[in-house]
Amino acid sequence: MNHILKLYYGIEMEVQPPQYFHFQNQLYYFSCVQNPHAFLEVFQYYRYLVQRCQCPGYYLVKNNNEDVISYQHVLLMYHDSEFSFQNYLSAFLQPLGNQRLFISHIKEQWICKIDSVKDLVKQYAYSFKHNPELVSLIYYYTGLAENCINILNEILSIHKDASITMGLALEHMISDYVYDLLNPMNYVISSRMRHLVYLLRSQLLTYDMLKEVLETYYFDVYEILYFYARLFFPSHFFNEVLSQQISQKRIEEYFVYIEEERKMYQEVTKILSFYVSLPKISWINKKNMI
């Protein structure tokens with residue numbers, strides 16, 4: 001894709017999207033956008049939020065045709081500045097108007113993803129038989145995900161049309177660099193609780209900071225229960241499995257990470273139980289989880 005940088009931006013460098021790179025002492029991010037309309041919607045809201053947290057963040061670079069998208073690719077330029085994580089939280093935890101996510105819709109999506117992973121195990125049973133570690137992980141995480149469905153059912157038992165506030169949320173785990181945290185390509189319009197979960201999983205939010213957030217900002221009972229379910233739901237693992245590109249190294253990393261996850265579940269359960277009555281998941285306190 002280097003010809004796009006050269007032809008449309010006059011930059012002659014070996015860059016394969018998605019990738020950060022430096023050019024003339026400036027940090028850039030070059031990436032493909034599968035859905036330009038969705039990206040521009042996210043970016044418009046992103047620009048509003050970074051201004052509210054008083055940092056410039058990223059700007060879209062126009063190409064030589066004065067367009068911001070070049071054959072489904074975008075070039076973003078980062079403006080470094082002083083950064084306050086508290087200001088960031090204050091801005092990015094603001095609700096997105098009156099838009100709501102319905103718990104019943106989330107439940108349908110999660111069930112579809114669980115079923116897809118289960119079907120993949122059946123479809124590739126013979127190729128998986130030489131990798132029992134991957135099979136164990138799949139069964140473990142699908143079992144974990146089914147617990148998440150039970151938590152959503154608890155919410156729906158309170159109100160069958162329960163919904164939660166939307167906002168700009170991290171799409172996945174990120175590094176602890178400010179330029180990664182502020183990269184609009186890492187965001188989607190989703191729930192505020194998804195955002196908190198990925199900040200926590202990215203180790204950008206400590207348990208004490210989580211307590212402070214829950215005390216400072218208003219979250220209703222549906223959001224807190226959804227946070228509990230979202231914390232457990234293994235989207236990151238499912239996405240890697242469904243892409244059929246999970247490596248042996250990643251499989252080994254997951255086994256190491258399971259113990260860290262168990263500790264995280266225990267700590268967050270203690271915090272959230274102060275605000276709502278949580279459904280009991282007995283194995284959280286068990287050491288032998290697989």
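Please read all numbers here as calculations on a predicted model, not as lab measurements. (Residues numbered from 1 in each chain as written. Predicted model: local features only at pLDDT ≥ 70, side-chain atom pairs only at ≥ 80, totals over all residues. Heavy atoms only, no water.)

Observations concerning helix α12 (residues 248–272)
Along its 25 residues, α12 runs 35 Å from first to last C-alpha, staying within 8% of the 36 Å computed at 1.5 Å per residue. Bending of α12 peaks at approximately 35° at the position of Tyr257. (Helix = DSSP H or I, 4+ residues; strand = E, 2+ residues; numbered from the N terminus. Expected span 1.5 Å × (residues − 1). Bend = angle between axes of the 7 residues up to and from the residue.)

Thoughts on helix α8 (residues 192–201)
Buried residues dominate α8, accounting for 10 of its 10 residues. The complete set of buried residues in α8 reads Arg192, Met193, Arg194, His195, Leu196, Val197, Tyr198, Leu199, Leu200 and Arg201. One or two steps after α8, the chain reaches Gln203, where phi turns positive at roughly 60°. (Buried < 20%, exposed > 50% of the residue type's maximum accessible area, 1.4 Å probe, protein only.)

Some words on the pattern of salt bridges
Summed over the entire model, instances satisfying the criterion amount to 10 salt bridges. The partner of Lys160 in a salt bridge is Asp161, with the nearest N and O atoms 3.2 Å apart. Note that Asp208 and Lys211 form a salt bridge whose closest N and O atoms lie 4.0 Å from each other. In this pair, Asp208 and Lys211 are both assigned in helix α9 (residues 207–216), 3 residues apart and thus about one turn of the helix distant. (Salt bridge = Lys/Arg side-chain N within 4 Å of Asp/Glu carboxyl O.)

Digging into the sheet that holds strand β5 (residues 100–102)
Spatially, β5-β6-β7 is the arrangement adopted by the 3 strands of the open sheet, whose pairing is antiparallel. Here the strands that pair on one side only, and so sit at the sheet edges, are β5 and β7 (187–191). If you compare each strand with its neighbour and ignore which way they point, the axes differ by 40° on average. Pairing of β5 with strand β6 (residues 163–170), which is carried by 3 bridges, proceeds in the antiparallel orientation. Within the sheet, the bridge partner assigned to Arg100 lies in β6 and is Thr165. α8 rests against β6 and β7 of the sheet, and its axis sits at about 45° to β6. (Pairing = 2+ DSSP bridges. Axes fitted to C-alpha atoms, helices over the stretch in contact; angles between N-to-C directions. Contact = heavy atoms within 4.5 Å.)

Considerations on the packing of aromatic side chains
With the rule as written, the count across this model stands at 25 aromatic pairs. Ring centres of Tyr88 and Phe92 lie 4.4 Å apart, and the angle between their planes is 25°; on these two criteria the pair is classed as stacked. Of the two residues, Tyr88 and Phe92 are both situated in helix α3 (residues 85–92); the distance of 4 residues between them amounts to about one turn of the helix. Under the relative-accessibility criterion, Tyr88 is labelled buried at 0%. Using a relative accessible area of 1% as the deciding quantity, one classes Phe92 as buried. (Phe/Tyr/Trp six-rings, centres within 6.5 Å; stacked < 30°, edge-to-face > 60°.)

Re the nonpolar core
Residues Phe92, Leu199 and Phe237 are the most contacted members of the largest nonpolar core, which totals 92 residues. Looking at which element gives the most residues to this core, the answer is helix α6 (residues 132–158), with 13 residues. Leave out the neighbours within four places in its chain, and Phe237 touches Leu134, Leu137, Ile138, Tyr141, Ile246 and Tyr254. (Core = buried A, V, L, I, M, F, W, Y, C linked by side-chain atoms within 4.5 Å.)

Some thoughts on the environment of Tyr71
Relative to the helices and strands, Tyr71 resides in the loop between β3 (57–60) and β4 (73–79). Placed 160 residues apart in sequence, Tyr71 and Leu231 show a C-alpha to C-alpha distance of 36 Å. Excluding residues within four positions of it along the chain, Tyr71 makes contact with Ile4 and Tyr8.

Focus: the pairing of strand β2 (residues 26–32)
Counting buried residues along β2, 5 of its 7 residues qualify, which places the element largely inside the surrounding structure. With 5 bridges connecting them, strand β1 (residues 19–23) and β2 associate as antiparallel partners. Bridging from a neighbouring strand, Phe23 pairs with Gln26 of β2. Counting the residues in the hairpin turn of β1 and β2 gives 2 residues, including Gln24, whose phi is positive at 50°. Pairing analysis gives 5 bridges linking β2 to β4, with the strands arranged antiparallel. Across the sheet, Tyr29 pairs through a bridge with Leu76, a residue of β4.

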